[in-house]
Amino acid sequence: MERQAAVSRRDFLRGGRRDTPAAIRPPGVDAAALAACTGCGACVEHCPTHIVSLVDGLPVLDFRAGECTFCGACAAHCPEPVFTGAPVDRFDYVAAIAASCLPFQGVDCQACRDACPTGAIRFRPVRGGPFVPELIAEACTGCGACIAVCPVGAVAAVTANREAVHA
Ligand code: SF4
Ligand code: SF4
Ligand code: SF4
């Protein structure tokens, strides 16, 4: 039996009722504790995938530069009480693919599936065209690995609304 729910095609393509977050913080950041950030840049320096930068003196992630592996280096090297300290293995975001995605334009591409470490993107056949992607929302950690590899920039992180997924 299929145990994982798939986002409806409309929600997947359009983001549905979900919103693009204004700023994605490193995993484990306690939003209420962000005021304790001094902008020292330790998280920027130690992120192995180089996705952390300081914007307005606070750490944000840019998945166009790469993925978050949830390695915890940013939290481990932060000298201030900005992180919760609890292990984190997923964001409150999931991937969403826009209608500009190549297969929906009739061009074959499965780069996002190949990059996804959790198998959260599957492709289904469509009569008369290339296979098209579907997101398995429950399997998506929001790591962002699918974002940088998309040749047309069709993938974005959106606020997870796991109640909105449909079987
Ligand atoms: S958990 Fe690791 S990969 Fe993710 S932002 Fe922090 S240092 Fe970078
Ligand atoms: S954000 Fe990460 S887990 Fe989610 S679909 Fe993209 S690569 Fe897979
Ligand atoms: S990598 Fe981009 S264009 Fe290719 S299938 Fe995935 S979302 Fe579509």
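Our subject in this report is the structure included herewith. Quick caveat: nothing in here was measured; it's all calculated off a predicted structure.

Cut-offs used in this document
Residues numbered from 1 in each chain as written. Chains lettered and ligands numbered in written order. Predicted model: local features only at pLDDT ≥ 70, side-chain atom pairs only at ≥ 80, totals over all residues. Heavy atoms only, no water. Near = heavy atom within 4 Å. Nonpolar A, V, L, I, M, F, W, Y, C, P; charged D, E, K, R; others polar. Core = buried A, V, L, I, M, F, W, Y, C linked by side-chain atoms within 4.5 Å. Buried < 20%, exposed > 50% of the residue type's maximum accessible area, 1.4 Å probe, protein only. Helix = DSSP H or I, 4+ residues; strand = E, 2+ residues; numbered from the N terminus. Contact = heavy atoms within 4.5 Å. Phe/Tyr/Trp six-rings, centres within 6.5 Å; stacked < 30°, edge-to-face > 60°. Salt bridge = Lys/Arg side-chain N within 4 Å of Asp/Glu carboxyl O.

Now for the site of ligand 1. In the vicinity of ligand 1 lie 13 residues, with C47, C68, C71, G72 and C74 positioned nearest. In terms of residue class, the shell around ligand 1 is made up of 10 nonpolar, 3 polar and no charged.

Glancing now at the nonpolar core. In globular proteins that are soluble, nonpolar side chains generally tend to be buried together. Ranked by internal contacts, the top residues of the largest apolar core, which has 40 residues, are F63, F91 and L135. Broken down by element, the residue count for this core peaks at 5 residues, all from strand β3 (residues 93-97). Sequence-distant contacts of F63, that is, excluding residues within four places in its chain, are made with I24, I51, C68, F91, G142, C143, G144, I147, A148 and A157.

Another aspect to go through is the side chain of T141. Following the sequence through the fold, T141 ends up in the loop between β5 (129-135) and α5 (145-149). Looking at T141, the relative accessible area reads 14%, which means it is buried. Ignoring anything within four residues of it in the chain, the contact list for T141 reads F70, D89, R90, F91, Y93 and T118.

Next up on the list: the site of ligand 3. Close to ligand 3 lie I97, C101, L102, P103, C109, A111, C112, F123, C150, P151, V152 and V155. Classifying every residue of the shell around ligand 3 gives 12 nonpolar, no polar and no charged.

This brings us to the packing of aromatic side chains. Tallied over the entire structure, the rule returns 3 aromatic pairs. Residues F70 and F91 carry aromatic rings whose centres are separated by 5.2 Å and whose planes lie at 45° to one another, so their mutual orientation is tilted. Placement of the pair is F70 in the loop between β2 (58-61) and α3 (73-77) and F91 in the loop between α3 and β3, with a sequence separation of 21 residues. Linked through ring pairs, F63, F70, F91 and Y93 together constitute an aromatic cluster.

Let us look at the pattern of salt bridges. On inspection of all chains with the given rule, the structure shows 4 salt bridges. Of the charged contacts in the structure, one is a salt bridge between R113 and D114, with a shortest N-O distance of 3.1 Å. Among the ionic pairs, R122 bridges to E134, the shortest N-O distance being 3.1 Å. On the criterion of sequence distance, the pair formed by R122 in strand β4 (residues 121-126) and E134 in strand β5 is long-range, its members being 12 residues apart. Look at R122 and you get partly exposed, because its relative accessible area is 31%. Through salt bridges with shared partners, one network takes in R122, R124 and E134.

With that out of the way, let us pick up the environment of P79. Locating P79 in the fold gives a position in the loop between α3 and β3. Residue class for P79 comes out exposed when judged on its relative accessible area of 53%. With 41 residues separating them in the primary sequence, P79 and T38 have C-alpha atoms 9.3 Å apart. Setting aside chain neighbours within four positions, we find P79 in contact with C40 and A42.

Positive phi is not limited to glycine here, since H50 has a value of about 55°. One can find H50 in the loop between α2 (42-46) and β1 (52-55). The class for H50 is exposed, based on a relative accessible area of 61%. Although it is not a glycine, D56 adopts a positive phi angle of roughly 55°. Structurally, the position occupied by D56 is in the loop between β1 and β2.

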